[in-house]
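Architecture and fold: a report
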Amino acid sequence: MSALRIIGVHGIRQGASATTEALSRSWQESVDDALACAGLAEAAGPVGLTVPSYQGVYPKTATRYMRLGPDAAGAAEDAPVDEEEEDFILEALAAYAPSAVAEEQDSPMAGRTLGAGRLTPRILRRAQAVDRVAGKGVTDRLLWVIREAHGYLRQERTAAAVRAVVREALVAPGARMVIAHSLGTVVFYDMLTRGEVPPAPGGGPGVASLITCGSPLGWLAVRKGVHAVGEPLSVPAGVEWTNLYAANDPVNKGKGLSHLAVGVTDVKVDNGKLNAHDVHRYLDKPAVAERIGKARGR
């Protein structure tokens with residue numbers, strides 16, 4: 001029996017210091033645990049998972065974790081937030097907690113100024129307002145995802161290089177399934193809409209099954225970069241799309257994608273309260289094992 005080859009598309013933060021070998025081994029262990037717990041290890045047959053690391057082509061400045069508050073220590077290596085990125089961040093935060101926009105003028109950070117590489121006063125005001133609406137520390141966890149999404153969507157040379165790394169992995173024999181996490185869901189969706197996913201050797205879609213986890217595709221600021229505004233999200237015919245979302249994941253706001261997409265099956269999972277966005281908390285779920293078992297039977 002030939003092995004089912006799964007390609008994983010990681011988010012930036014996870015891939016910032018990991019090699020393809022390390023990422024693949026780590027994801028494989030979580031998937032193997034899920035299959036074993038679901039009693040599908042033997043039924044699913046051989047499963048190989050490859051997670052190509054694109055850290056070598058992604059700018060490190062976009063992955064820097066930036067903390068809010070008077071002790072925020074933005075490193076000198078951080079790329080300054082320019083006007084275009086500031087607008088992107090403000091739009092993403094506003095969409096996350098719309099009611100916060102009216103409150104941001106009352107923020108105690110209203111008069112704060114920061115140096116190059118730090119967050120701007122406008123961002124700080126909105127971030128503080130969002131925290132008051134959505135919960136303390138929410139923006140602290142969101143900003144690195146927003147900045148890395150901006151780095152992909154607004155830097156075409158970087159984005160093209162990232163897609164090339166993923167596309168190279170997709171030509172591996174038996175690669176018929178993709179599991180994408182966080183910004184990886186944006187990268188792969190972008191590849192689908194651009195027609196950059198290699199077809200199957202005998203014709204038809206090269207990927208028959210797609211699992212997205214912790215996706216920021218629910219953000220309008222992100223969708224504008226990879227999709228026609230006003231149209232529902234969709235994948236090509238022949239691709240079965242499953243989207244996992246967790247109630248306490250700050251990236252998907254505890255919501256799925258079915259209200260924005262056609263042909264997607266949302267699955268709500270419990271990732272706990274801490275580190276709910278972590279990829280391994282998604283990979284070990286029964287829904288992942290079930291989809292792998294189904295894909296293996298094709």
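To be clear, the structure that these remarks concern was listed above.
Residues numbered from 1 in each chain as written. Predicted model: local features only at pLDDT ≥ 70, side-chain atom pairs only at ≥ 80, totals over all residues. Heavy atoms only, no water.

1. Describing the overall build of the protein chain
Each helix and strand in the protein chain was counted, giving 11 helices and six strands. Residues classed as buried in the protein chain amount to 52% of the 298 residues present. Taking the intrachain contacts of the protein chain between residues at least 6 apart in sequence as the baseline, contacts between residues at least 24 apart amount to 78%. Carbon together with sulfur atoms contributes 51% to the accessible area of the protein chain, which is approximately 12,900 Å² in total. (Helix = DSSP H or I, 4+ residues; strand = E, 2+ residues; numbered from the N terminus. Buried < 20%, exposed > 50% of the residue type's maximum accessible area, 1.4 Å probe, protein only. Contact = heavy atoms within 4.5 Å. Areas by Shrake-Rupley, 256 points an atom, 1.4 Å probe, with all protein chains shown as cover.)

2. Description of the pattern of salt bridges
Two side chains of opposite charge can pair, provided their charged atoms sit close to one another. What the rule picks out here adds up to 14 salt bridges. Residue arginine 194 is joined to glutamate 156 by a salt bridge in which the shortest nitrogen-to-oxygen separation is 3.4 Å. Note that arginine 194 is positioned in helix 8 (residues 183-194) and glutamate 156 in helix 7 (residues 156-170), a separation of 38 residues in sequence. Across the salt bridge formed by glutamate 290 and arginine 291, the nearest N and O atoms sit 3.5 Å from each other. Glutamate 290 sits in the partly exposed class, given a relative accessible area of 44%. Bridged by salt links that share partners, the residues Glu156, Arg163, Arg167, Asp190, Arg194 and Glu196 form one connected network. (Salt bridge = Lys/Arg side-chain N within 4 Å of Asp/Glu carboxyl O.)

3. Describing the sheet that holds strand 1 (residues 4-9)
By way of backbone hydrogen bonds, the strands of a sheet pair with one another, either parallel or antiparallel. The strand order across the open sheet formed by six strands is 2-1-3-4-5-6, and the pairing between neighbours is parallel. In this open sheet, the two strands that pair with only one neighbour each are strand 2 (47-50) and strand 6 (264-269). Strand-to-strand twist across the sheet, computed as the mean angle between neighbouring axes with direction ignored, equals 20°. The sheet contact formed by strand 1 and strand 2 spans four bridges and is parallel. Residue isoleucine 7 lies in a different strand from strand 2, and its bridge partner there is threonine 50. (Pairing = 2+ DSSP bridges. Axes fitted to C-alpha atoms, helices over the stretch in contact; angles between N-to-C directions.)

4. Re the nonpolar core
Core analysis: the largest hydrophobic core is formed by 60 residues, its most contacted members being Tyr152, Leu170, Val178, Val187 and Phe188. Sorting elements by how many residues they give to this core places helix 6 (residues 138-154) first, with nine residues. Setting aside residues no more than four positions away along its own chain, valine 187 makes contact with Val9, Tyr54, Tyr152, Val162, Arg163 and Val166. Core analysis: the next-biggest nonpolar cluster, separate from the first, contains 27 residues, Leu4, Val279, Ala287 and Ile292 among them. (Core = buried A, V, L, I, M, F, W, Y, C linked by side-chain atoms within 4.5 Å.)

5. Topic: helix 2 (residues 20-37)
For helix 2, built from 18 residues, the straight-helix expectation of 26 Å at 1.5 Å per residue is met to within 8% by its first-to-last C-alpha distance of 26 Å. Residues of helix 2 that are buried include every one of Leu23, Ser24, Trp27, Gln28, Ser30, Val31, Ala34 and Leu35, and no others. Of the residues trailing helix 2, glycine 39 is marked for its positive phi of about 70°. (Expected span 1.5 Å × (residues − 1).)

6. Here's the deal with the packing of helix 7 against helix 8
Where helix 7 contacts helix 8, the two axes come as close as 10 Å, and the packing angle between them is 85°. With respect to each other, helix 7 and helix 8 are oriented roughly perpendicular. Along its contact with helix 7, which presents Glu156, Val162, Arg163, Val166, Arg167 and Leu170, the element helix 8 presents Val187, Phe188, Asp190, Met191 and Arg194. Taken together, the residues that form the contact of helix 7 with helix 8 break down as six nonpolar, no polar and five charged. (Parallel < 35°, antiparallel > 145°, perpendicular 65-115°, else oblique. Nonpolar A, V, L, I, M, F, W, Y, C, P; charged D, E, K, R; others polar.)

7. Some details on the pairing of strand 5 (residues 240-246)
Of all seven residues that make up strand 5, six are buried, and the element is covered over most of its length. Of the pairings in the sheet, the one linking strand 4 (residues 209-213) to strand 5 comprises five bridges and is parallel in character. Bridge pairing links isoleucine 211 to threonine 242 in strand 5. Handedness of the crossover joining strand 4 and strand 5 through helix 9 (residues 220-226) is recorded here as right-handed. (Right-handed = clockwise from strand over helix to strand, strands pointing away.)

Everything listed here is a matter of coordinates, which is why it stays silent on function.
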